[in-house]
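In case you want the letters, here they are:
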Amino acid sequence: VVVGPSGAGKSTLCRLLAGTALPDRGAVRLDEAQLHHYPAAQLAWSMGYLPQDVGLLPGTIAENIARMAQVPDSQAVLEAAWLAGAHEMILRQPEGYETRLEEGGFPLSGGQRQRVGLARALYGNPRLLVLDEPNANLDGPGEAALTGAVGRLKREGVTIVIVTHRPQLLQQADKVLVLEDGAVARFGPKEAVLATLIRRAA
């Protein structure tokens, strides 16, 4: 879990990890190879990314979950929606998974867009998941579904990087990274880092 004050660089770190931004200096490496050396298609199916501002595209809900694939895998779409806790919400839409969305995800609410965005990040069983404030717009059931999904993915060996301020997700962390002014202030096992933060606040 990544924490830090506003403007510390948390969202920038997520974009760098997801490969949607390039570093000004240094390198982002995955299994010791620089991220941009991987074929784009390989990265796309190995990684899931949920940005802070969920951008959905004109098309159906199913197409958005399937990342606008030419031939969406309907079973993978259903599995991702179930894991994200979005399936029942989607079925309540006028045409279910075939409900068409406008640019930005209208007519879905912010919380609904976030659930569809999470399902999109989970589509295809990625091995690395980067989630930037994934519960910012979620209600209680949505946050419970997210917590359950994170727990299941951890048990399956998926590497998950989460930016959050919510204690529910923080409790699931193995390690905590504290960013301040674009630099690493502290990093290590959750208990040790949180103890340091508590002492500092006192």
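Everything below is about the structure printed above this text.
This section reports on the structure supplied with the text.

What counts and how
- Residues numbered from 1 in each chain as written.
- Predicted model: local features only at pLDDT ≥ 70, side-chain atom pairs only at ≥ 80, totals over all residues.
- Heavy atoms only, no water.
- Helix = DSSP H or I, 4+ residues; strand = E, 2+ residues; numbered from the N terminus.
- Rg over C-alpha atoms; globule rule 2.2 N^0.38 Å.
- Contact = heavy atoms within 4.5 Å.
- Areas by Shrake-Rupley, 256 points an atom, 1.4 Å probe, with all protein chains shown as cover.
- Salt bridge = Lys/Arg side-chain N within 4 Å of Asp/Glu carboxyl O.
- Buried < 20%, exposed > 50% of the residue type's maximum accessible area, 1.4 Å probe, protein only.
- Core = buried A, V, L, I, M, F, W, Y, C linked by side-chain atoms within 4.5 Å.
- Arc of directions from axis to C-beta.
- Polar contact = N/O pair within 3.5 Å; in protein donor to acceptor, adjacent residues only side chain to side chain.
- Expected span 1.5 Å × (residues − 1).

## Structural notes on the overall build of the protein
Within the protein one finds nine helices and 10 strands. A compact globule built from 202 residues should have a C-alpha radius of gyration of about 17 Å, and the protein, at 17 Å, falls within 12% of that. For the protein, the spread of C-alpha atoms along the principal axes amounts to about 55 × 40 × 30 Å. Across the protein, contacts joining residues at least 24 apart in sequence account for 62% of those joining residues at least 6 apart. Of the roughly 10,800 Å² that the protein leaves accessible, carbon and sulfur atoms contribute 53%.

## Section: the pattern of salt bridges
Taken as a whole, this structure holds five salt bridges when the rule is applied. Of the charged contacts in the structure, one is a salt bridge between Arg152 and Glu156, with a shortest N-O distance of 3.0 Å. By relative accessible area, Glu156 is classed as partly exposed at 39%.

## Some points on the nonpolar core
Grouped together as the largest cluster of nonpolar side chains are 43 residues, with contacts concentrated most on Ile65, Ile90, Leu122, Leu129, Leu131 and Ile160. Discounting chain neighbours no more than four positions away, the residues touching Ile160 are Leu129, Leu131, Val150, Leu153 and Lys154.

## Topic: helix α4 (residues 74-83)
Along α4, the positions that sit buried rather than exposed are Ala76, Val77, Ala80, Ala81 and Leu83. Buried residues of α4, viewed axially, fall in a sector of 165 degrees; they line one side. Exposed residues on α4 whose side chains face more than 90 degrees from its buried face are Ser74 and Trp82. Taken together, the buried residues of α4 touch α3 (61-65), α5 (87-91), α6 (110-122) and α7 (140-155). Measuring from the side-chain oxygen of the N-cap residue of α4 to the backbone nitrogen of Gln75 gives 3.1 Å; that N-cap residue is Asp73. The positive-phi residue at the C-terminal boundary of α4 is Gly85, with phi of around 70 degrees.

## Here we look at α7
In this model, α7 (16 residues) spans 23 Å end to end at C-alpha, consistent with the 22 Å of a helix rising 1.5 Å per residue. When we look at burial in α7, the residues that qualify are Gly142, Glu143, Ala145, Leu146, Thr147, Ala149, Val150, Gly151 and Leu153. Residues of α7 that are buried in the fold lie against α4, α6, β7 (128-132), β8 (159-163) and α8 (167-170). A distance of 2.8 Å separates the backbone nitrogen of Gly142 from a side-chain oxygen at the start of α7, and that oxygen is part of Asp139. Where α7 terminates, the next one or two residues include Gly157, which has phi positive at roughly 85 degrees.

## Here's the deal with the environment of Pro72
In this structure, Pro72 sits in the loop between α3 and α4. A relative accessible area of 34% places Pro72 in the partly exposed class. Apart from the residues within four sequence positions on either side, Pro72 is in contact with Ala66 and Tyr123.

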